[in-house]
Amino acid sequence: GHSYIDVLYNTGFADVNHFKGRILAWRSIFEKVKPDVVIFDGAPSANLVARRFDCARITSGTGFFVPPSVTPPPSLRFWLKKDPPVADHEQELVKNVNASLAAIGDPEIEAAHELVACDDQFLMNFPELDHYPSRMGADYIGTFPPIDYGTVHEWPSLSGKKVFAYLYPFKT
């Protein structure tokens, strides 16, 4: 594909019924969990649903899944001078998303960048490595900290494999 729009279109956003099922599934999860804060990395369907809930929305990641908030979105092949425009693809994607949203009574979007719009955004990248070099005003925080950052977990001296999981019970 030429843009993030093409990636979305090829991963279920082209089919109104499929996408409607996806957002209904996310809505069910949000209704049960009732989060205060959600941190996304490449989850435009979940982010879209989270708009209707009273929770803070943050996106974090390398930036690939968070194109700049412009219409039409930039091409992923920014170095090509004659790359086809993505405006037509964006309009079709927005039409499909809005048909799904209308079917379940959720507010529509005007542009594709609203799929990933959040309250805050942390790009775990550097400006020189951004997938969208035309991005303006981004908060780049670099990459994950080194492996020796933080404290080391002290495992019990038991044999066998170990798993660390943070589990929180909630009523279903």
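Cut-off values and rules
- Residues numbered from 1 in each chain as written.
- Predicted model: local features only at pLDDT ≥ 70, side-chain atom pairs only at ≥ 80, totals over all residues.
- Heavy atoms only, no water.
- Axes fitted to C-alpha atoms, helices over the stretch in contact; angles between N-to-C directions.
- Helix = DSSP H or I, 4+ residues; strand = E, 2+ residues; numbered from the N terminus.
- Parallel < 35°, antiparallel > 145°, perpendicular 65-115°, else oblique.
- Left-handed = near helix turned anticlockwise from the far one by under 90°.
- Contact = heavy atoms within 4.5 Å.
- Buried < 20%, exposed > 50% of the residue type's maximum accessible area, 1.4 Å probe, protein only.

Q: Would you mind showing me how to read the packing of helix 2 (residues 16-33) against helix 4 (residues 87-103) here?
A: Pairs of packed helices are described in terms of their axes, by the angle between the two and the distance that separates them. Where helix 2 meets helix 4, the closest approach of the two axes is 9 Å, and the angle between their N-to-C directions is 55°. The orientation of helix 2 with respect to helix 4, classified from their angle, is oblique. As for the relative orientation of helix 2 and helix 4, their crossing is right-handed in sense. Contacts from V16, F19, K20 and I23 in helix 2 reach N96, V97, A99, S100, L101 and A103 in helix 4.

Q: Before we go on, may I ask you to explain unusual backbone geometry in this structure?
A: Among all residues except glycine, the phi angle is most often negative; among peptide bonds, the trans geometry is most common. The step from T71 to P72 runs through a cis peptide bond, and the omega angle for that step is -5°. Along the polypeptide, P72 turns up in the loop between strand 2 (56-61) and helix 4. Despite not being glycine, K34 has its phi angle at roughly 50°, a positive value. Among the structural elements, K34 can be located in the loop between helix 2 and strand 1 (37-40). When its relative accessible area of 61% is taken as the criterion, K34 is described as exposed.

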